[in-house]
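Listed below, chain by chain, are the residues.
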Amino acid sequence: MYPPEIETLDDRFAKLALDNVRLEKLHTGCRWAEGPAYLPAGKYLVWSDIPNNRVLRYDETSGAVSVFLAPADNHNGHCVDRQGRLVSCEHRTRCISRIEHDGTRRVLADRFEGKRLNSPNDVVVKSDGSIWFTDPTYGIDSEYEGDAAPQEIGASHVYRIDPESGAVTAAATDFVKPNGLAFSPDEKRLYIADTGASHVKNGPRHIRVAEVGDDGRSLGPAAPFAECTAGLFDGFRIDTNGHLWTSAADGVHVYAPDATLLGKIKVPEVVANVCFGGPKRNRLYICATTSLYAIYVNARGASWPS
Ligand code: MG
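To keep things clear, this report deals only with the structure shown in the data block. Every value quoted in this text rests on a predicted model; they were computed, and no experiment measured them.

What the protein contains, in helices and strands, is zero helices and 27 strands. Taken over the C-alpha trace, the protein has a radius of gyration of 18 Å; the compact-globule value for 306 residues is 19 Å, and the two agree within 12%. Summarising its shape, the C-alpha atoms of the protein cover approximately 55 × 40 × 35 Å along the three principal directions. Scored against the burial criterion, the 306 residues of the protein give a buried share of 57%. Taken as a whole, the protein presents about 12,200 Å² of accessible surface, with 49% of it coming from carbon and sulfur. Taking the 34 positively charged and 40 negatively charged side chains of the protein as two groups, their mean positions are separated by 2 Å.

Written out as structure tokens, the structure is:
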């Protein structure tokens, strides 16, 4: 028997949902929960509470929640690279940073062509070590999620940090407010959400998908993939079979690689981002406004960056 939160829209969803599980509420008391990342070596999840300027940690072995970082420069998105290091999007300091194995924080990117970034939002690491991130303006639009400031670049792009040189190049420049992003399991496609409807009337509320060039570093034109049917797509993750598990206003929406909406996991708060965790990567962690939820699913997170 599927839990009441499971809404099946296509028969294929039956293979992705589990019966006899339930949506668990693990923690509450956040203002805007975002940016989950699972650290497999430590068996814990970190996530951002952006307006409260802190990063929290859920210990999977005990269920305890504690403060991982505070103040946290209004961190937003996180991911874990193949060396197990935490990579962070920082709103207040308008940069991408990484915590090294000795605990030091290293800024990897804070400018493009000499101008300060807006406020990096979400990030993913490719298997070649390159770091890809989005840079909308949510962290400089007001004092709520960072420090209000004018834009220097004047646009919101998707960027790539080169693993050897550290150079920051623009990978996609035709987005209004690029937000979540994730590679397909074979890394031949990059999916990117655009939440431009937050700023532009009738603006984008969709995910587009771009082919990665043979050089592994360029992107082809981004084609429409899915239009959000409830609120906005913010962050998302992709499982080993290429299904997208994406945030939306009424829960998590699950798309097949052919862009069919297969089903939903209904969540009682607006969802901002998700992440696969657990030793088998089959536990979906869900950051939803004030709370952290989780549910076991019959799918596993694809990429090493969790
Ligand atoms: Mg986001």
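Turning our attention to the sheet that holds strand β18 (residues 189–194). Read from one edge to the other, the open sheet built from four strands follows the order β17-β18-β19-β20, with strand pairing classed as antiparallel. Each edge of the open sheet is held by one strand with a lone partner, namely β17 (178–183) and β20 (219–227). Recorded for the sheet is a direction-independent mean angle of 25° between the axes of neighbouring strands. Bridging between β17 and β18 involves four bridges; their strand directions are antiparallel. Opposite F183, over in β18, you have L190 as the bridge partner.

Turning our eyes to something else, we now look at unusual backbone geometry. Going from A70 to P71, the amide bond is cis rather than trans, its omega being -5°. Although it is not a glycine, R281 adopts a positive phi angle of roughly 55°. Structurally, R281 can be placed in the loop between β25 (273–277) and β26 (283–288). Note on R281: relative accessible area 12%, which makes it buried.

In terms of nonpolar packing, the biggest core is built from 22 residues, with W245, V252, I265, L284, I286, I295 and V297 touching the most fellow members. Going through the elements one at a time, β23 (251–255), β24 (261–266), β25, β26 and β27 (291–296) are the ones with two or more residues in this core. With three residues, the top contributor of residues to this core is β26. Membership of the second largest hydrophobic core comes to 16 residues, among which are V87, F112, Y159 and V168.

Attention shifts here to the coordination of the magnesium ion. Note on the magnesium ion: its protein donors are E34 (OE), N121 (OD1), N179 (OD1) and D234 (OD). The metal-donor distances range over 2.2 to 2.6 Å. Of note, the donors binding the magnesium ion are all from one chain and are spaced E-x86-N-x57-N-x54-D. Of the two residues, N121 sits in the loop between β12 (115–116) and β13 (123–125) while D234 sits in the loop between β20 and β21 (236–238), which places them 113 residues apart along the sequence. We note that N121, like D234, is buried.

Per the stated rule, a full pass over the model turns up 10 aromatic pairs. With centroids separated by 6.4 Å and ring planes inclined at 20°, the aromatic side chains of Y38 and Y285 adopt a geometry described as stacked. Here the residue Y38 occupies a position in strand β3 (residues 33–39), and Y285 occupies one in strand β26, the gap between them amounting to 247 residues. On the basis of relative accessibility, which here comes to 0%, the residue Y285 falls in the buried class. An aromatic cluster is present here, built from Y191, F225, F233 and Y255 joined pairwise through their rings.

Pairing is antiparallel across the open sheet formed by four strands, whose spatial order is β7-β8-β9-β10. Each edge of the open sheet carries a strand with a single partner, namely β7 (75–80) and β10 (105–109). Averaged over all pairs of adjacent strands, the angle between strand axes in this sheet comes to 30°, irrespective of strand direction. Here strand β9 (residues 95–99) pairs with β10 via four bridges, running antiparallel. Residue pairing in the sheet places I99 in a bridge with R105 of β10.

Here the focus is the pattern of salt bridges. On inspection of all chains with the given rule, the structure shows 18 salt bridges. Between R54 and D49 there is a salt bridge, and its shortest N-O distance comes to 2.9 Å. Linking D162 and R217 is a salt bridge whose minimum nitrogen-to-oxygen distance equals 3.4 Å. Placement of the pair is D162 in the loop between β15 (158–161) and β16 (168–172) and R217 in the loop between β19 (206–212) and β20, with a sequence separation of 55 residues. Judged by its relative accessible area of 9%, D162 falls in the buried class. When its relative accessible area of 43% is taken as the criterion, R217 is described as partly exposed. By sharing partners, the salt bridges in this structure join D81, R85, R98, E100 and R106 into a single network.

Note that N118 resides in the loop between β12 and β13. Accessibility expressed as a relative area gives 0% for N118, which makes it buried. Setting aside its immediate chain neighbours within four residues, N118 contacts R94, D135, P136, T137, I140, Q151, A155 and S156.

What counts, and at which threshold
- Residues numbered from 1 in each chain as written.
- Predicted model: local features only at pLDDT ≥ 70, side-chain atom pairs only at ≥ 80, totals over all residues.
- Heavy atoms only, no water.
- Helix = DSSP H or I, 4+ residues; strand = E, 2+ residues; numbered from the N terminus.
- Rg over C-alpha atoms; globule rule 2.2 N^0.38 Å.
- Buried < 20%, exposed > 50% of the residue type's maximum accessible area, 1.4 Å probe, protein only.
- Areas by Shrake-Rupley, 256 points an atom, 1.4 Å probe, with all protein chains shown as cover.
- Lys, Arg positive; Asp, Glu negative; His and termini not counted.
- Charge placed at Lys NZ, Arg CZ, Asp CG, Glu CD.
- Pairing = 2+ DSSP bridges.
- Axes fitted to C-alpha atoms, helices over the stretch in contact; angles between N-to-C directions.
- Core = buried A, V, L, I, M, F, W, Y, C linked by side-chain atoms within 4.5 Å.
- Donors = N, O, S within 2.8 Å, 3.2 Å for Na, K, Ca; no water.
- Phe/Tyr/Trp six-rings, centres within 6.5 Å; stacked < 30°, edge-to-face > 60°.
- Salt bridge = Lys/Arg side-chain N within 4 Å of Asp/Glu carboxyl O.
- Contact = heavy atoms within 4.5 Å.

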